[in-house]
Amino acid sequence: AVVFGRGPGAFTGLRTACAVAQGLAYGADLLVLPIDTLLAVAEEARWAQVQTGAINPDDSLTVLALLDARMDEMYVAQYRYAQGQWQTLQPSALLKPQDLTTQSAEVGVPHLLAGNVFTVYADRLPAQALQSAQVVQALPMAAAMLRLAPAMLAAGLAVDAALAMPRYIRDKV
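The structure presented is a predicted model; accordingly, all values stated were derived computationally and were not measured.

Concerning the confidence of the model for the chain
- With 95% of its residues at a pLDDT of 70 or more, the chain shows a mean pLDDT of 93.
- Averaged over each element, pLDDT in the chain is lowest for helix H3 (residues 127-131) (84) and highest for helix H2 (residues 37-52) (98).

Some points on the pairing of strand S6 (residues 111-115)
- A large share of S6 lies buried, amounting to five of its five residues.
- Two strands pair when backbone bridges link them, and S6 and strand S7 (residues 134-137) are joined in this way by four bridges, in the parallel orientation. Looking at S7, one finds that Gly115 is bridged to Gln137.

Notes on the packing of H2 against helix H4 (residues 142-154)
- The geometry of H2 relative to H4 is characterised by a closest axis approach of 8 Å and an angle of 105 degrees between their N-to-C directions. The angle between the axes of H2 and H4 places the two elements in the roughly perpendicular class. Residue-level contacts link Leu39, Ala40, Glu43, Glu44 and Trp47 of H2 to Ala144, Met145, Arg147, Leu148 and Met152 of H4.
- Considering only residue class, the contact of H2 with H4 consists of seven nonpolar, no polar and three charged.

Comments concerning H4
- Taking 1.5 Å as the rise per residue, H4 with 13 residues should run 18 Å; its terminal C-alpha atoms sit 19 Å apart, in good agreement.
- For H4, the set of buried residues is Ala144, Met145, Leu148, Ala149 and Met152.
- At its buried positions, H4 is contacted by strand S1 (2-7), strand S2 (32-36), H2 and strand S5 (85-95).

With respect to the sheet that holds S7
- Ordered by their spatial adjacency, five strands build an open sheet running S5-S4-S3-S6-S7, and the pairing between neighbours is mixed. Two strands lie at the open edges of the sheet, namely S5 and S7, each paired on one side alone. Ignoring which end each strand starts from, the neighbouring axes of this sheet average 20 degrees apart.
- The pairing of strand S4 (residues 73-82) with S5 spans eight bridges and is classified as antiparallel. From the neighbouring strand, Arg80 faces S5, where its bridge partner is Gln87.
- This element, H2, spans strand S3 (61-70), S4, S5, S6 and S7 of the sheet and lies at about 125 degrees to S3.

Overview of the pairing of S4
- Within S4, 10 of the 10 residues are buried, which leaves it mostly tucked inside the rest of the structure.
- Of the two faces of S4, the one holding Glu73, Tyr75, Ala77, Tyr79 and Tyr81 and the one holding Met74, Val76, Gln78, Arg80 and Ala82 are both buried throughout.
- What sits between the antiparallel neighbours S3 and S4 is a turn of two residues, in which Met71 has the positive phi angle 55 degrees.

Conventions and cut-offs
- Residues numbered from 1 in each chain as written.
- Predicted model: local features only at pLDDT ≥ 70, side-chain atom pairs only at ≥ 80, totals over all residues.
- Heavy atoms only, no water.
- pLDDT = per-residue confidence, 0-100.
- Helix = DSSP H or I, 4+ residues; strand = E, 2+ residues; numbered from the N terminus.
- Buried < 20%, exposed > 50% of the residue type's maximum accessible area, 1.4 Å probe, protein only.
- Pairing = 2+ DSSP bridges.
- Axes fitted to C-alpha atoms, helices over the stretch in contact; angles between N-to-C directions.
- Parallel < 35°, antiparallel > 145°, perpendicular 65-115°, else oblique.
- Contact = heavy atoms within 4.5 Å.
- Nonpolar A, V, L, I, M, F, W, Y, C, P; charged D, E, K, R; others polar.
- Expected span 1.5 Å × (residues − 1).

Here is the structure:
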């Protein structure tokens, strides 16, 4: 399958990524595997924690993924990683930085805030939200999507190239 980050994200970037994935898939007679951008952020943060030895590869954790959406907003989604699988706890949404709240994580389960909003919105993010979790700078890297791909492909989440679509959260600008 051809993997691509379907969003949320910048309108033109999402459309370009989808079109390139569709073109490659048509040409090679492959399926397309759309991966949520915020899930790739969560996976990149998890992997960074594994690489530094902060957690083991199979440890459970929750991640609140945050990406700058511009226009004084951020994209946010929450995920849980357990037993080698990701589960969506809160689907992608738009949020003002000052409205960020974090839910209590399970006792003994690490909770991460991951993304690229911590510098640009530093003066607007609530202090209590930042203090309740470990902050990890992370972006939706291709390597993260490739780590996610085998399980998602096995779960039957790949689609025909004609059915691959970007995921827009902010559709009225």
